[in-house]
Amino acid sequence: MSFWRIDTPTQTFVFGSDGGLACCHYWGAPLPEDTDLAAMVAAGRGGITGGMLDQVPPLSLTPEARRSFPGQPGLVAFGADGAELAPEWRFDRADRDGDTLILRHVAQGLALDFTIRALDHGLVGFSASLRSDAPIRLHWLTAGALPLPAHLDRLTEFAGRWTREWQPVTTVLDHGMRVREARTGRSGHEHPPHMILATQGTTNTRGENAAIHYGWSGGHRMVVETLPEGRRQLQLGHVTGSERAPATVFATAEMIVARSDGGLNGTAIPFQRHIRDNLPPARQPRPVHYNGWEAIYFRHDQAELRRIADRAAELGAERFVLDDGWFGLRDDDTSSLGDWVIDPRKHPEGFGPLIDHVRGLGMRFGLWFEPEMINEESDLHRAHPDWVMGPVDQIRGRNQLHLDMSREDVRDHLFARIDAVLSGNDIDYVKWDHNRLTPFPDAAQTRGVYALLDRLRAAHPAVEFESCASGGGRIDAGILTRCGRVWLSDSNDALERLRIQHHAASLLPACATGSHVGPRDCHTSHRVLPMALRAWTAAQRHMGFEMDPHELTEDEAATLTRVTAWWKANRDWMMAGDIWRLDRPDDALAEMQLAADGSRFVLFAAQITAPVALQPPLLRLTGLDPQATYRLHMIEAPSRHSTSHVALTDGEIRVSGAVLMAQGVALPPAFPQSIAVIEGERL
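Model, not experiment: these values are computed from the prediction.

Cut-offs used in this document
- Residues numbered from 1 in each chain as written.
- Predicted model: local features only at pLDDT ≥ 70, side-chain atom pairs only at ≥ 80, totals over all residues.
- Heavy atoms only, no water.
- Helix = DSSP H or I, 4+ residues; strand = E, 2+ residues; numbered from the N terminus.
- Buried < 20%, exposed > 50% of the residue type's maximum accessible area, 1.4 Å probe, protein only.
- Contact = heavy atoms within 4.5 Å.
- Areas by Shrake-Rupley, 256 points an atom, 1.4 Å probe, with all protein chains shown as cover.
- Lys, Arg positive; Asp, Glu negative; His and termini not counted.
- Charge placed at Lys NZ, Arg CZ, Asp CG, Glu CD.
- Polar contact = N/O pair within 3.5 Å; in protein donor to acceptor, adjacent residues only side chain to side chain.
- Pairing = 2+ DSSP bridges.
- Axes fitted to C-alpha atoms, helices over the stretch in contact; angles between N-to-C directions.
- Parallel < 35°, antiparallel > 145°, perpendicular 65-115°, else oblique.
- Left-handed = near helix turned anticlockwise from the far one by under 90°.
- Nonpolar A, V, L, I, M, F, W, Y, C, P; charged D, E, K, R; others polar.
- Core = buried A, V, L, I, M, F, W, Y, C linked by side-chain atoms within 4.5 Å.
- Salt bridge = Lys/Arg side-chain N within 4 Å of Asp/Glu carboxyl O.
- Phe/Tyr/Trp six-rings, centres within 6.5 Å; stacked < 30°, edge-to-face > 60°.
- Lys NZ or Arg CZ within 6 Å of the ring centre and 35° of its normal.

Visitor: So, the overall build of the protein chain: which residues are in play, and what are the values?
Guide: A tally of helices and strands in the protein chain yields 13 helices and 35 strands. Relative to its 683 residues, the protein chain shows a buried fraction of 62%. Intrachain contacts of the protein chain at a sequence separation of at least 6 include 69% that bridge at least 24 residues. For the protein chain, the exposed surface amounts to about 24,600 Å²; the carbon and sulfur share of it is 50%. Separation between the mean location of the 69 positive side-chain charges and that of the 88 negative ones in the protein chain comes to 1 Å.

See the structure below:
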């Protein structure tokens, strides 16, 4: 048997082959260079470890039904005659190029490659590609099957819906199989392609866990299976049946894996850094957004838009984004999608006068598109009903249908229309929306979206793109190599937003996460929340506003202006730093953002509901230098409580990193729906 290893700073992967498919024998802490891999495998060692090696039998990277494997196979494909393929794989060779290992396998008329890459920040990526001499139908191909040890028995997935994305759902793994499929044509609100396996008692700051992500925007399938004899496997790949046409070449996206003994932060921060490092180039520093959707909806009046822009600039906005309603005859959501021509009724001189006004205020200009969609009431549908994806009698969603993005003529038409708008106007930002589900999952559809985005980005390298899909319905490592920002949720309710962005930090860095201050009366919850909470919630990510700015009281405007000015003064290091989530009771949330060089941080501690105890528990920090001394001062008090006296309310304090992490810092008592903000500096 031959063996190969892939090393990262935190783990070693060992692969072997005895002539059949390669096996993943070990996934755990770094191994010494002189480790006898053959002896280790012979001893039956494998799996994720936290020190001691587990006795977990190896699993093939693609388990085979023909070898009597009792669980889910890693490949299901059919020949031209409809018969299921049962190839007899033979290991051909391993090709090594630096930190990339390709394990190549052949069978009659078929070739299957597994690529294992040591990525940045200690992550490892797995992917698979399949080639056939003759066209075949692919039903399922895993990017790799990973063995799972018994002690990582807490599976956390992220469920959700519109305006309530990224809600963690934890189950205890026992016998049987856990399968989830995103069949909506996008990553999905329902269960984005990110999951965590952990030991009992793992928190943000302590405990062993592994996080796994699938970097694909078109729907995925996740299998976590416990076999009868106790072995466990995990598989990730495109959603089953999404390769709808026979072909000779297929490929998965990359399954990315992180592991840590240091709590959920230990896997979240490598993912944050990986996503941040692979974002497309963006304007620096990140500008404060103003989006007018919840101020005007489809009502585009030139005089009103100018007044809104004037006030937004006074409050500190640096980019003005014009949302839905500017094109065709678009007065509601029933018409004109696909007709990407400026509406002369609303903009009789085009965008020029508005853009000139916005630029004169010192702001950039951004624009909303929904390129993948079409209304039946549109010039495009009247000309090309054949461009619609799916059957004529399909159920409509949001009064719209989906264009078939796998067609080159559809992509050419969309490119020409969008290119004309971008070329003819001073626009540096596109909010790319996606507001209905596809009628069926289709991998070619996603590849078409990627191709159009790539073509537009090449033609307009100075234009930044945001991924929006009814809020957070398309967030994954695939889209984030093309879009430098995601609209995390359509909810501007600060309490909902705090939870959503807190949990999404298991994947997303601050610089890629849009967060806006919404209207006083939230349009998605009708909750009325204090401006301090709303503003500081947005200031934890890429900040913006989304309300009629004329509704603000004098006090609200003063608070928003103050927080915005603070964000601008600190955004450079915050957007390049890490989000460390802290452990708090269920009635509260807290996190700290730490500069890349560790020289400074900011704490955000929100009180969500009424606490059980009047005095909050000490807030224990993490990620600091235990030998250093830090100066802390509070810049936002959570409330004017009658018993709110603690050391921080009297002024700055100086505390060692060791004390801040072991004991913590005292917060004043807080009313519900309030937030404390504390700055820290290493001396």
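Visitor: So what's going on with the side chain of E294? Residues and values would help.
Guide: Along the chain, the position of E294 falls in helix α3 (residues 293-296). There is a polar contact of 3.4 Å between the side chain of E294 and the side chain of N492.

Visitor: Explain the sheet that holds strand β13 (residues 176-181) to me, using residue names and the numbers behind them.
Guide: Strand order in this open sheet of four strands is β10-β17-β16-β13, and the pairing throughout is antiparallel. The sheet is open, and its two borders are formed by β10 (145-148) and β13, each paired with just one other strand. Put simply, the sheet's adjacent strands are angled 15 degrees from each other on average, direction ignored. Pairing analysis gives seven bridges linking strand β16 (residues 220-226) to strand β17 (residues 232-238), with the strands arranged antiparallel. Paired with M222 across the two strands is L236, which belongs to β17.

Visitor: Would you mind going over the packing of helix α10 (residues 531-538) against helix α11 (residues 554-575) in detail, with residue names and values included?
Guide: In the contact formed by α10 and α11, the axes pass within 9 Å of each other and the chain directions differ by 20 degrees. In terms of their interaxial angle, α10 and α11 are classed as roughly parallel. Where α10 crosses over α11, the two elements pack in a sense that is right-handed. Side by side, α10 and α11 meet where M531, A532, R534, A535 and W536 of the first sit next to E556, T559, L560, R562, V563 and W566 of the second. A breakdown of the residues in the contact of α10 with α11 according to their chemical character gives seven nonpolar, one polar and three charged.

Visitor: Any details on the environment of H347? Residues and values, ideally.
Guide: Counting through the fold element by element, H347 comes out in the loop between β21 (319-322) and α5 (352-360). With relative accessibility at 2%, the residue H347 sits in the buried group. Along the primary structure H347 and H238 are separated by 109 residues, whereas in three dimensions their C-alpha atoms are 43 Å apart. Ignoring sequence-local partners within four residues, the contact set of H347 consists of H300, Q302, L305, L322, W326, I342 and L354. There is a polar contact of 3.3 Å between the side chain of H347 and the side chain of H300.

Visitor: Pulling in residues and values, what's your account of the pairing of strand β19 (residues 255-260)?
Guide: Of all six residues that make up β19, six are buried, and the element is covered over most of its length. By the alternation rule, side chains of β19 split into M255, V257 and R259 and I256, A258 and S260, which are all buried. Taken together, the six bridges between strand β15 (residues 209-214) and β19 define a ladder with antiparallel strand orientation. Pairing of N209 across the sheet is with S260, part of β19.

Visitor: Which residues make up the nonpolar core, and what values do they have?
Guide: The biggest cluster of nonpolar side chains holds 157 residues, and the ones touching the most others in it are F15, F126, F320, W326 and L560. Tallying contributions element by element places α11 first for this core, with eight residues. By size, the runner-up hydrophobic cluster in this structure holds 25 residues, among which are A605, L619, L621 and L648.

Visitor: Could you give an account of the sheet that holds strand β31 (residues 588-594), naming the residues involved and the relevant values?
Guide: Across the sheet, which stays open at both edges, the six strands sit in the order β30-β31-β32-β35-β33-β34 with antiparallel pairing between neighbours. In the strand order of this sheet, the two ends are held by β30 (578-581) and β34 (653-656), each with one partner. Each adjacent strand pair in this sheet contributes to an overall mean axis angle of 25 degrees, direction not counted. Here strand β32 (residues 600-607) runs beside strand β35 (residues 674-682); their pairing, made up of eight bridges, is antiparallel. By the bridge assignment, V602 is partnered in β35 with E679. Packing of helix α9 (residues 494-504) onto the sheet brings it into contact with β30, β31 and β32, and relative to β31 it is tilted by some 50 degrees. The strands that α10 touches are β32, β33 (629-636) and β35; relative to β35, the one it contacts most, it runs at about 45 degrees.

Visitor: Break down the environment of V646 for me, with residues and values.
Guide: For V646, the position within the fold is in the loop between β33 and α12 (647-650). By relative accessible area, which is 8% here, V646 ends up buried. Distance in space between the C-alpha atoms of V646 and G680 is 17 Å, their sequence separation being 34 residues. Once residues within four sequence positions are removed from consideration, V646 is found in contact with Q615, A666, L667 and P668.

Visitor: Tell me what's going on with the pattern of salt bridges, and back it up with residues and numbers.
Guide: Summed over the entire model, instances satisfying the criterion amount to 55 salt bridges. Here K431 ties to D323 by a salt bridge, and the two come within 3.0 Å at their closest N and O atoms. Placement of K431 in strand β25 (residues 429-432) and of D323 in the loop between β21 and α5 is noted, with a sequence separation of 108 residues between them. Its relative accessible area of 6% is what places D323 among the buried residues. What you see here is one network of salt bridges that share partners, running through R283, R319, R359, R364, D426, D428 and E464.

Visitor: Any details on the environment of P63? Residues and values, ideally.
Guide: You can see P63 is positioned in the loop between β4 (59-60) and β5 (75-78). Note on P63: relative accessible area 3%, which makes it buried. Once residues lying within four places of it in the same chain are set aside, the contact partners of P63 are F69, Q72, P73, G74, L75, A145, Q233 and Q235.

Visitor: Provide a residue-level description of the packing of aromatic side chains, including the pertinent values.
Guide: Summed over all chains, the structure comprises 24 aromatic pairs. Between the aromatic rings of W326 and F327, the centroid separation amounts to 5.2 Å while the plane-to-plane angle is 75 degrees, which identifies the pairing as edge-to-face. Exposure class is identical for W326 and F327. Each is buried. Put simply, the rings of Y290, F320, W326, F327, W340, F351, F365, W368 and F369 touch in pairs and so form one group of aromatic residues. Across the ring face of Y450, the terminal group of R482 is positioned such that the distance to the ring centre comes to 3.8 Å.

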